[in-house]
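Here's the letter readout for the chains.
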Amino acid sequence: MDTRTPFKEHTFTHPILGPLTGRISQDTPSTIHFRSIPFATIPARFRQSILLAHIPSTASRNFTTYSTACPSPPDNEQTDGAGGPLPGEEPKEFDEFSCLNLTISAPVAGLGGDGKRGGVPVMVYVHGGAFVGGSAHVSALNDTTRMVELSIKDRNPVVIVSIHYRTNWFGFLACQDLINEANSLNEPSSNFGLHDQRTAFHWIHRFIAGFGGNLKNITAFGESAGSGSIALHMCSSLPLFNRAILMSGVPSTIPPAELKYKEAEYQALLKYLGIENDDPERLEKLRNVSSQKLVEAVRGVGLPFFTVYRNVGFFDRGFPTYFSEERLIGECEWVNEVMIGDGYFEGANFANLFMSISPDKFITHSNIKLGPESASSILSAYGITPSMDANLFTAQLTYLTGDIMFSQPIHKLSQGLASGKYSPKKRIFRYTTTVRNPFFGSSLYQIPGHHFVDLLFMFGTLRERYPSERLRKLSEEWARRWTRFGAGVEPWGEYVVDGDGEEKIMVINGGEEGWDLRNRKIDEETSASSEEGERRYREWEVIDAVIGKIVNKKGEVKAEEAMLEWGTDGGIFRLAGMNGPFGEVVP
């Protein structure tokens, strides 16, 4: 997709917001694109955003160019995954106070609706980025106009909204100082990024009818931290959407953290910036630090991810953990259908980071944190031995890391939701992808089912770059099935767990056409003879069994701590020389 494609401006009068100008590109003539409409203001750093009820008088009503994103460290992961930037893609601009904007792709024919005639289904994309960064709302790579154009062609038209939220320190700093301040202001404390997302959904509820959308028919979809965010909202009691597409992310991927962990991050931030922790003006001084300094502090403190704060005000139905997320999501009353999936090799992105870890170090660490019996079960399942080949060890460690963060909890959650034991019962559609990265020059070239590979196909923006017609057709079908789900059409057979092994999972890139619906037995048999290797159902179940044994011996709290100290927090990332997601608390 060439971002320099000619376009024409088109102005319509929104029934509430007034005149708005968007752009209609030559290759998507039935779709209008409104870029960077502001949906909220930020009164001050580390304060909750405020919904905008109108377009500010100082703002332009021409939404044909992108605005800003939240300041964040440089991140070229998706650009690298795509083999480089799209032709004509412009550099992104960053600003912490004007970043809360959203981008809308809508059928031109539906503009100006008043909501009385229903409107077409709405899909809301929540970007990922480990809560460190992300900017899909101002990204040519994540442009949604081709998805909407295809939906119109297929006579299942949808409106797609891409929202933004504050990330890293700006969106996820939490500490007692901020809690005290919020209490004095009588407003919710911390989790600013999640509240920004809520505010964006509230804006959509109020104004999307004017863009031709149906506010009572909303599907939220997101990848990685965006997917985890959607699932986190399902753990609260505030209705935001009707369906969800969870792409490689659930709450337990990086579970919400207790205050002691967030306080440790705060103290580490103050130390890095040279602010005394007993200075009564410490919070005000932190507010006066330049945004660039705060961005530098992300890497300076050494956090690979940011975490959500376990705030009872947000999570009023209980805190989501590995043990509780299934029940909280299963009992969510306002979502009735969920599409959920993962990639075959979710941990591939960590390969270079983990090359400094030796088998002996990891085995010793595992024995200490899990106990010899539990450690032996997991190490044996993944074929990790003291004298194994170093290259093979790194591969197995990246498989294991991707599994404990993504694939295994997704497998467990999918089975729980599909079991029918929660009310209201939800229809579950499960998938996995083994599609290989096709872009020469990418560090992930030819890796099967790596993290975020779905984004390189779903949006259709890389259509001209695919090296084969088969991949172009795969990309189009990807967008088609996602938008059809958003329109209420079943994307493939429902995933049902009834004990007979017939639960159906869609394998993307399986079969001649790229889409192969299999039950578990057939998937195990078929994948065992594939180039990438057998789906790791048995390994995931070993992990769950080990966690269950720790729960039986020590309880859920201790089991959760043990998994953090062994796995992605205390173990693997720290062995690689970084802090874990939970900062300086876990030794």
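Located above this text is the structure these notes cover.
Below or above, wherever it landed, is the structure these notes cover.

Each value, and the rule that gives it
Residue positions are given per chain, counted from 1 along the sequence in the order it is written. Selection of residues for local features in this predicted model requires a pLDDT of at least 70, selection of side-chain atom pairs for listing and counting requires 80 or more, and totals for whole chains, interfaces and linings are taken over all residues. With hydrogens and water excluded, all non-hydrogen atoms of the structure serve as input to the side-chain values. Exposed residues in this analysis have more than 50% of their type's maximum accessible area, buried residues have under 20%, and partly exposed residues fall in between, with area computed by a 1.4 Å probe over protein chains only. Only DSSP runs of H or I with at least four residues qualify as helices, and only runs of E with at least two residues qualify as strands; both kinds are numbered from the N terminus onward. Throughout, a residue-residue contact means that at least one pair of heavy atoms, one from each residue, lies within 4.5 Å. Throughout this description, the term salt bridge denotes a Lys or Arg side-chain nitrogen within 4 Å of a carboxyl oxygen of Asp or Glu. For our purposes a nonpolar core is just a set of buried Ala, Val, Leu, Ile, Met, Phe, Trp, Tyr and Cys residues, chained together by side-chain atoms within 4.5 Å. Aromatic pairs are defined between Phe, Tyr and Trp rings, using the six-membered ring for Trp, whenever the two ring centres lie within 6.5 Å; interplanar angles under 30 degrees are classed as stacked, those over 60 as edge-to-face, and all others as tilted. In this scheme, the term charge over a ring applies when either NZ of a lysine or CZ of an arginine sits within 6 Å of the ring centre and within 35 degrees of the ring normal. Angular values range over 0 to 180 degrees, each being the angle between N-to-C directions of two axes fitted as lines to C-alpha atoms, with helices fitted over their stretch in contact. The scheme is simple: roughly parallel for angles under 35 degrees, roughly antiparallel for over 145, roughly perpendicular for 65 to 115, oblique for anything else. Counting rule for disulfides: a pair of cysteine sulfur atoms within 2.5 Å. The criterion for strand pairing is that DSSP finds at least two bridges linking the strands in question. We define a polar contact as two N or O atoms separated by no more than 3.5 Å, with the added condition that, inside protein, one atom must be a possible hydrogen donor and the other a possible acceptor, whereas residues neighbouring each other in sequence contribute only through side-chain atom pairs.

Take helix α4 (residues 176–185) next. Burial in α4 covers these residues: Asp177, Leu178, Ile179 and Ala182. On its buried side, α4 packs onto α5 (192–207), α7 (259–273) and α8 (282–288). After α4 finishes, the residue Asn186 shows a positive phi value of roughly 55°.

Moving on, we get to the pattern of salt bridges. Per the counting criterion, the structure on display carries 35 salt bridges. The closest approach of N and O atoms between Asp523 and Arg518, which form a salt bridge, is 2.8 Å. Residue classification places Arg518 among the buried residues on the basis of a relative accessible area of 8%. Taking the shortest distance from any N to any O, the salt bridge between Arg520 and Glu524 comes out at 3.2 Å. Here the residue Arg520 and the residue Glu524 both occupy positions in helix α17 (residues 520–528), the gap between them amounting to 4 residues, near one helical turn. Per residue, the accessibility class of Arg520 equals that of Glu524, and both read buried.

It is characteristic of soluble globular proteins that their nonpolar side chains tend to be buried jointly. Core analysis: the largest hydrophobic core is formed by 168 residues, its most contacted members being Ile104, Phe211, Phe241 and Trp482. Per-element tally for this core: the top contributor is helix α14 (residues 390–418), with 11 residues. Excluding anything up to four places from it in sequence, Phe211 contacts Phe12, His14, Leu17, Leu20, Phe34, Ile37, Ile104, Ala106, Gly110, Leu111, Val159 and Trp203.

Across all of its chains, the model carries 32 aromatic pairs by this definition. Centre to centre, the rings of Tyr125 and Phe459 are 5.3 Å apart; their planes meet at 90°, and the pair counts as edge-to-face. With Tyr125 in strand β9 (residues 120–126) and Phe459 in the loop between α15 (455–458) and α16 (469–486), this residue pair connects regions lying 334 residues apart in the sequence. Here Tyr125 and Phe459 have matching classes, each one buried. Relative to Tyr399, the ring of Tyr344 has its centre 5.9 Å away and its plane inclined at 75°; by these criteria the two rings are edge-to-face. With a gap of 55 residues between them, Tyr344 in the loop between β13 (337–343) and α11 (351–354) and Tyr399 in helix α14 connect regions that are remote in the sequence. For the cation-ring pair, Arg23 lies above Phe7, with the distance from its terminal atom to the ring centre recorded as 3.7 Å.

Contact geometry of helix α13 (residues 372–381) with helix α18 (residues 537–554) gives a least axis separation of 9 Å together with a crossing angle of 175°. Taken as axis vectors, α13 and α18 run roughly antiparallel relative to one another. For the pair α13 and α18, contact is made by Glu373, Ser374, Ser377, Ile378 and Ala381 and by Glu539, Val542, Val546, Lys549, Ile550 and Lys553, respectively.

So, about the state of the cysteines. In the structure shown here, the tally under the stated rule is 0 disulfides. Considering cysteine sulfurs only, Cys99 is the nearest to Cys70, which forms no disulfide, with 4.7 Å between them. For Cys70, a relative accessible area of 1% gives the class buried.

Another point: the pairing of strand β8 (residues 101–107). For β8, the buried fraction is high: 7 of the 7 residues fall into the buried class. Side-chain alternation along β8 places Asn101, Thr103, Ser105 and Pro107 on one buried face and Leu102, Ile104 and Ala106 on a second face that is also buried. Taken together, the 6 bridges between strand β3 (residues 31–38) and β8 define a ladder with antiparallel strand orientation. Counted as the bridge partner of Ile37 is Leu102 from β8. Where β8 and strand β10 (residues 159–163) come together, 3 bridges link them in antiparallel fashion. The residue bridging Ile104 from the neighbouring strand is Val161, located in β10.

Assignment of secondary structure puts Glu565 in helix α19 (residues 556–566). In this structure, the C-alpha to C-alpha distance between Glu565 and Lys369, residues 196 residues apart in sequence, is 6.7 Å.

Time to look at the side chain of Arg45. If you trace the backbone, Arg45 turns up in the loop between β4 (40–41) and β5 (50–51). Within the local environment of Arg45, its side chain forms a polar contact with the backbone oxygen of Leu286, the two atoms lying 3.0 Å apart. With near-sequence residues (within four places) excluded, Arg45 lies in contact with Glu96, Phe97, Phe170, Leu286, Arg287, Asn288, Val289, Ser290, Ser291 and Leu294.

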